[in-house]
Structure formats: C-alpha cells, structure tokens
Amino acid sequence: MSDQIILAFESSADETSVAIVQNGQKILSLEIATQIKSHQRFGGIVPEVASRHHIEQITVLVDAALTDANLTYDDLTAVAVTYGPGLVGALLVGVTAAKTIAWAHQLPLVPVIHMAGHISAAQFVEPIVYPALALMVSGGHTEFVYMSDEYQYQVVGDTRDDAVGESYDKVGRTMGLNYPAGKILDEMAHRGQARYDLPRALMHDNRLDFSFSGLKSAVINLKHNAEQRGEQLNVDDLAASFQAAVLDVLLTKTQQALQQYPAKTFILAGGVAANQGLRDGLTQLLQDFPTTNFVPVPRALAGDNAAMVGAAGDIAYRHGKRADWDLNARPGEEFEYLDAEMEFKVPGVENNRP
C-alpha cells in the first residue's frame, strides 16, 4: 500500500500551524507560528488579533512545510483541516486555506474535529490499541472520550463549567502571572506545600463530569480576602494547593472512568497534558490497571499543532471522511455524547450542557 501524505492545517486559537504527516505516524515537517506575546498584554486570546496573525502567517508556513519535507503538492494524498471547535474567525483562515489548496490541486479535503487531533497525537508515540479512553484537558475542554474502535469518539464525561486550562489561566491572572499560566503554576506548585483548604467539586460523584468554577473562585476569594486583611499569602503554597485540588479531582475521576470503561489504551491529551504533576499522578494511578497502556501525548505536541491534525486526518481519510467545498468553520463542534440524554446542570440554571 502506498504512503498517505497529509497536508494539515490548525488555526483554531492562537497558534498558526501547518504540517505534513506520513501514514498518520511520522511527521515530515511541522511549522508553528505562535502568537503568545501578542495576547499576553490582554491576559488571554483576542479573537480579532488571532485571526489577523493567522492570515499573515498561513501561506508562509505552507511553503516552509513543503520545503522542509522536500515535497510538492503532487506528492500529497489529501488536505486535512481543523474546522471546529475554536474561534470562528481563526478557524475560517485555516479552512479557507485548506479548501483553496485542495481545490487548486484536486486533492480530497478531510475535516477534523480539534479534540480528535489532540487525541490522535498519541499515534506519534505508538499505535493506539482499542478500546481506548482519553482524558482531554485543555483551555477549552475537560472531558473523557471513549473510543470503542478507531474513529469512534464518544464523550462519557465533561465539565459543567470551566475547563482545567481555563481555570489555570484565570487563577494565574489573579496571581499576576503572564498568560498562559499553566506551566508557571505547575512549576510554582512543585516548590510549594498544599496547605490551603480548597474545594474539590464532584470528586465523589459517581458521574464522570467535572466542575472547576468553584475552585477557581475559591482561590480568587482566598487571595482577595488575604489582601484586604493585609496578610501575605505564600504564592507557591497557593499554587500547590490549587494544583493539588485539580489533580485530586482528575485522578479520582480517571480511576472511576477506567473502572466503568475498561480500555487497552489510556491517553492523556490536550495542552494541560504537559503538566508534570498530572503526568506523574496518572503514571502512578495506571499501575493499578496493568492491562491498560498509558500513553501521554509528548509535551512538544500537547499544545495546538498541525501534526496532530495530520494524524487525525489520516484516520478520518482511511474511514472515508471527506468534506465538500462548502465546508465552513463550526466553532461549537463537539464529539457525540455516549448518552444522548446526558445533561450538565447547575442549580438554578435550566440546562448548561456545553
């Protein structure tokens, strides 16, 4: 069988990325133009700024990817692109570029859901053996995704409010840290002691959903109240206390998920997969599940990048997934829920299912 060479695009948030991936497991080239410095002064991503940066960079990165891989358009099998979820303007830049190249060179166009990319990045470590379970943790998502087989994604647990990465950034902003704050807080946590009592919402609930809004608010209130009393909190201890609460919830829920959905492969994916505390905790936890292989996505590929889209695009291509020329950005696109009746309720709110 001939090699499948996928040209992949990722532009869902603040990283413009183009990659060329061979057979879903080998990265021939990977180009990333980061925008972090442009957004730091705002404390988060500004959609309009992100879109403009994508426009400026995307064609430059395509040329660089082909040059680095020593390939031409004639060598490509297909073009894959993230079409959702994400920022609508940012997504449109990648979708438009992918459609243009696919149409001009008569190549199949393969749509990729962003989270499938994060999970598929595990393929660069080793082939995923099914059934598989993934803990997807990022700035916009905290969810368990069960895969009974290849290209079968179903959400079996989700956050009711804030995602883990979102909570890290909001807590970091309160502590005066630069965006993104996840890596900094992880480093601070390893220097401090978890001596502040913080909530661990839903940790003992038998469902697999999460809630981090209360934890985030508790940290913010603790810091503000201390400032009003003229007290000085140990910021390393505060970071350690916050991270300990996050990890307690994630590890407890992971244990429950693996008991409910036995898997041959457990994948840690998403930007927060780079967190050392989480990786260490899951490594220890998975010792209690000897028939499950733990595959954390490599740190270098945990954030948004086009290589992961190429890996997911390879899977989608082999399963016959194609997009028409009217493919559009879908900022709210999600995986299906295993239970169609799953609801994520907060007291006093009719239904806030994401």
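Residues numbered from 1 in each chain as written. Predicted model: local features only at pLDDT ≥ 70, side-chain atom pairs only at ≥ 80, totals over all residues. Heavy atoms only, no water.

1. Points about the overall build of the protein chain
- Helices and strands together make up the secondary structure of the protein chain, namely 10 helices and 11 strands.
- Relative to the compact-globule value of 20 Å for 354 residues, the protein chain shows a C-alpha radius of gyration of 20 Å, a close match.
- With respect to the three principal axes, the spread of C-alpha positions in the protein chain is 65 × 45 × 40 Å.
- The burial tally for the protein chain puts 56% of its 354 residues in the buried class.
- For the protein chain, restricting intrachain contacts to residue pairs at least 6 apart in sequence, the fraction spanning at least 24 positions comes to 73%. (Helix = DSSP H or I, 4+ residues; strand = E, 2+ residues; numbered from the N terminus. Rg over C-alpha atoms; globule rule 2.2 N^0.38 Å. Buried < 20%, exposed > 50% of the residue type's maximum accessible area, 1.4 Å probe, protein only. Contact = heavy atoms within 4.5 Å.)

2. Topic: the sheet that holds strand 3 (residues 26-34)
- Overall, mixed pairing links the 5 strands, which are arranged 3-2-1-4-5 in an open sheet. The open sheet terminates on both sides in strands that have one partner only, identified here as strand 3 and strand 5 (109-113). Looking at each pair of strands side by side, their axes are set apart by 20° on average, direction ignored.
- Note that strand 2 (residues 15-22) and strand 3 share 8 bridges and pair antiparallel. Paired with V18 across the strands is E31, a residue of strand 3.
- Together, strand 1 (5-10), strand 4 (78-84) and strand 5 form the strand contacts of helix 3 (residues 88-104), whose direction differs from that of strand 4 by roughly 160°.
- Contacts from helix 10 (residues 306-318) reach strand 1, strand 2, strand 3, strand 4 and strand 5 within the one sheet, and its direction differs from that of strand 1 by about 125°. (Pairing = 2+ DSSP bridges. Axes fitted to C-alpha atoms, helices over the stretch in contact; angles between N-to-C directions.)

3. Quick look at the pairing of strand 8 (residues 154-158)
- The element strand 8 is largely enclosed, with a buried count of 4 among its 5 residues.
- Bridge count between strand 7 (residues 142-147) and strand 8: 4 bridges; the pairing is antiparallel. Pairing of F144 across the sheet is with G157, part of strand 8.
- Taken together, strand 7 and the strand that follows it, strand 8, pair antiparallel across an intervening segment of 6 residues, in which Y151 is found at a positive phi of about 65°.

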